[in-house]
Amino acid sequence: MNNILKPTIFKRFLFFLVLDIIIIVGSFFLSFYLRFGFIFPKKYLPISVYWIIGLLLLNLVLLFIAGLYQINWRFVGLFELIKLIKVWGVSTILIYLINFLIRSQWPGYDLPRGIIIINAIISFGMIAVLRIAKRIYIQMVKSGKVGKRILIIGANHTAERL
């Protein structure tokens, strides 16, 4: 039982991957509900599966390429937030371009432009909060526990695990 709860790199990757999938799918539907007054239009239901698969593939691949699954999230900071902003910017631009091409070639299979923007804002916000949640927890809740202070001279990125 102790082995199941012991954190590993694979478990951390799987944890963030599953929660990213839930966030991306949830933000897609939430953006429709917000845009159309908490009603999901039936005309978008058949194409939503294809858009969800495309969003998942694009966003998860970009997050992986940017190295946002290989970070120790206890030490997440501004550098990772900037990476996430870049990834979400590229993702939103690519989705917008794909939607434009689909609109010009296959009308009826495209998404409203507002959905893309709303989805980008919601999913970015939720993924950013997920990534920084452990850091906030450590800073706020466990701030009363003070360990032995040390000074590391000449440390680089590999020293973050100390």
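Described in the following lines is the structure provided in the data block. Computed from a prediction, not measured in an experiment: that's the story for all the values here.

Under the definition given, this model contains 1 cavity of 30 Å³ or more. Estimated volume of the largest cavity: approximately 80 Å³. Surrounding the largest cavity, 13 residues form its lining, Leu55, Ile95, Ile116, Asn119 and Ala120 being those nearest its centre. Residue assignment for the lining of the largest cavity shows that the elements contributing at least two residues are α3 (45-65), α4 (78-105) and α5 (113-140). Counting residues per element, the lining of the largest cavity draws most heavily on α5, at 5 residues.

It is the contact of helix α2 (residues 9-35) with α3, at a shortest axis distance of 10 Å, that shows an interaxial angle of 140°. With respect to each other, α2 and α3 are oriented oblique. Note that α2 runs across α3; the crossing there is right-handed. For the pair α2 and α3, the contacting residues are Phe13, Leu17, Asp20, Ile21, Ile24, Val25, Phe28 and Phe29 in the first and Ser48, Trp51, Ile52, Leu55, Leu56, Asn59, Leu60, Leu63 and Phe64 in the second.

Thresholds, definitions, all that
- Residues numbered from 1 in each chain as written.
- Predicted model: local features only at pLDDT ≥ 70, side-chain atom pairs only at ≥ 80, totals over all residues.
- Heavy atoms only, no water.
- 1 Å grid on protein atoms, 1.4 Å probe; cavity = no way out; pocket = protein on both sides within 12 Å on 5 of 7 lines; lining within 4 Å.
- Points joined across faces, edges and corners; volume = space filled by probe spheres on them.
- Helix = DSSP H or I, 4+ residues; strand = E, 2+ residues; numbered from the N terminus.
- Axes fitted to C-alpha atoms, helices over the stretch in contact; angles between N-to-C directions.
- Parallel < 35°, antiparallel > 145°, perpendicular 65-115°, else oblique.
- Left-handed = near helix turned anticlockwise from the far one by under 90°.
- Contact = heavy atoms within 4.5 Å.

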